[in-house]
Amino acid sequence: MDEKLKIALAYSGGLDTSTIVPWLIENYDCEVYAILVNIGQDEDIDDAIARALQYGAKGAYAIDAVDEFADEYLLPMLKSGAVYENKYLLGTSVARPLIAKRLIMKAKELGCTAISHGATGKGNDQVRFELTTMALAPEMKIIAPWREWSIRSRDDALAYLEGKGIHLQVAAEETYSRDANLWHLSHEGLELESPANAPEYTPKLLKLTSLLEETPDEAEEISIDFEQGKPVALNGESLSFADMIRALNKIGGKHGIGIVDLVENRVVGMKSRGVYETPGGTILVYAHNDLEELCLDKESSLFKRYVALKYAEVVYQGKWFLPLKTALDSFIDETQKTVTGNVKLRLYKGNIISAGKTSPYTLYSEEIASFTTGSLYDHHDAEGFIKLYGLPLKMHAAVREIQKSE
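Residues numbered from 1 in each chain as written. Predicted model: local features only at pLDDT ≥ 70, side-chain atom pairs only at ≥ 80, totals over all residues. Heavy atoms only, no water.

## Considering the overall build of the protein
The cut-off we apply is this: Secondary structure elements follow DSSP: runs of H or I no shorter than four residues count as helices, runs of E no shorter than two count as strands, and numbering proceeds from the N terminus. Contacts were defined at the residue level, with two residues in contact if any of their heavy atoms lie within 4.5 Å. Each accessible area is a Shrake-Rupley estimate made with a 1.4 Å probe; only the visible protein chains count as cover when residues are assessed. Just so you know, the count uses Lys and Arg for positive and Asp and Glu for negative, and it drops His and the chain ends. For the purpose of locating charges, the reference atoms are NZ of Lys, CZ of Arg, CG of Asp and CD of Glu.
A tally of helices and strands in the protein yields 13 helices and 14 strands. In the protein, 72% of the contacts between residues at least 6 apart in sequence involve partners at least 24 apart. Only carbon and sulfur atoms are counted for the fraction: they give 52% of the accessible area of the protein, which is about 20,500 Å². Averaging the positions of the 43 positive and the 61 negative side-chain charges in the protein gives two centres separated by 4 Å.

Right, dumping it as structure tokens:
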């Protein structure tokens, strides 16, 4: 007999991937290996693994990649300053290449020749999973059930599972489609499907962030230390980057920080609407930008903004393993060599307020910038500078005079 096809499934334990396990077995006569990559999602991983076996998986594995996610994915992105379409801190986007990479590694270890994922044919994640597979394991067959099966809704998926004797405690009409990890929590579906509707900001929707009405009435001041662009201490306490994010998620969430309502342009061409909670990430991006104001020269800072836009595009489109991304990282790491110092912030009812910053590599000189004349700057020098700086304007004015006389 021919050996059965072995398929490694990027498994989360949610409705879609739970449905995919028995569907693959039924339609491909295969062995399914469910691979759950832990990147800080708040869920019962042991329960999810046990359920995968109940659904018929030949094997089910949980892989701890939280620190790898923080140090090798979130940190480079933080240093880059990448923000997609001025709002989105790329929490789902940056996670997919890592999940796909660890899925592929485990698939090869298990002798699988195909991988499968639960991304829909309308979404970005199918692009991210499959571009990573093309980069790291082009020989692997890719199976995307949402592009093959007749299931078209969460109700259909629940009905399919019921037909297999599998009963999930999920009410499709009451549940948002969510993606969670160490960095953020996203929400789609229900009232959010229409941009005309205001999000129902209640505990039903928000899970990381307090309602503004329930946040403290007094501001809280925090202090973050950076070394070469990396946050290393919070309020004087040294922390791993993963623990830094966890701590700031709690602090920021308490003060209602980091909620984004965005209609974004997907890779596949359509617009979609979602609400994102990123309390810790929002604080870190603000603090990092604040410190760069002191430490980066004008030209580097300006060019880094262009790089940040491209970096956000690369991450959003699932091109993490492109040579371009490696090249961008090299430029970014060079800029971060002097981004060392301390940033103080005040957090109050959804707001982040600068409260002072210092750096041993600051390019700000109080003696030069002060209204009081110092020895490092002679006001008379400005006259010659302005004459040279304005020379093109004088030349254009002369040309206009010639044109008027013709």
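## Regarding a nonpolar patch on the surface
Put simply, the test is: For patch detection, residues must exceed 30% relative accessible area and be free of salt bridges, and they are connected within 9 Å for like charges or within 5 Å for nonpolar side chains (Val, Leu, Ile, Met, Phe, Trp, Tyr). Take a side-chain nitrogen of Lys or Arg and a carboxyl oxygen of Asp or Glu: if they are within 4 Å of each other, that pair is a salt bridge.
Side chains of L302, F303, Y306 and L309 sit close together on the surface and give an oily, nonpolar patch of about 420 Å² of accessible area. Residue placement: L309 occurs in helix α9 (residues 298-316).

## Comments concerning the sheet that holds strand β1 (residues 6-10)
Selection rule: Strand pairing is defined by DSSP finding a minimum of two bridges between the two strands. Think of each axis as a best-fit line through the C-alpha atoms, taken over the contacting stretch in the case of a helix, with angles from 0 to 180 degrees between the N-to-C directions.
Here five strands make up an open sheet; going across it, the order is β3-β2-β1-β4-β5 and the pairing parallel. Two strands close off the open sheet at either side, each with one partner strand: β3 (59-64) and β5 (141-143). If you compare each strand with its neighbour and ignore which way they point, the axes differ by 25° on average. With three bridges joining them, strand β4 (residues 114-116) and β5 adopt parallel strand pairing. Its bridge partner being in β5, A114 is matched across the sheet by K141. Where helix α4 (residues 91-110) meets the sheet, it contacts β1, β2 (31-38), β3 and β4, and its direction lies at approximately 140° from that of β2.

## Things to note about the sheet that holds strand β6 (residues 177-180)
Taking strand neighbours across the sheet as the criterion, the four strands line up as β6-β7-β12-β11 in an open arrangement whose pairing is antiparallel. Each end of this open sheet is capped by a strand with a single partner; those strands are β6 and β11 (259-265). Recorded for the sheet is a direction-independent mean angle of 25° between the axes of neighbouring strands. Where β6 and strand β7 (residues 185-188) come together, four bridges link them in antiparallel fashion.

## Focus on helix α6 (residues 154-163)
Applicable threshold: Exposure is judged per residue with a 1.4 Å probe applied to protein chains only, and the accessible area is read against the type maximum: over 50% gives exposed, under 20% gives buried, and values in between give partly exposed. Arc definition: directions from the helix axis to the C-beta atoms. By the criterion applied in these results, polar contacts are pairs of N or O atoms within 3.5 Å in which, for protein atoms, one can donate a hydrogen and the other can accept it, and in which residues neighboring in sequence qualify only through two side-chain atoms.
Those residues of α6 that fall on the buried side of the exposure criterion are A157, L158, Y160 and L161. Looking straight down α6, one finds that the buried residues subtend no more than 160° of arc, so they occupy a single side. Turned more than 90 degrees away from the buried face of α6 sit D155 and G163, all of them exposed. Measuring from the backbone nitrogen of D155 back to the side-chain oxygen at the start of α6 gives 3.4 Å, which picks out S153 as the cap. One or two positions beyond α6, positive phi appears at G165, with a value near 80°.

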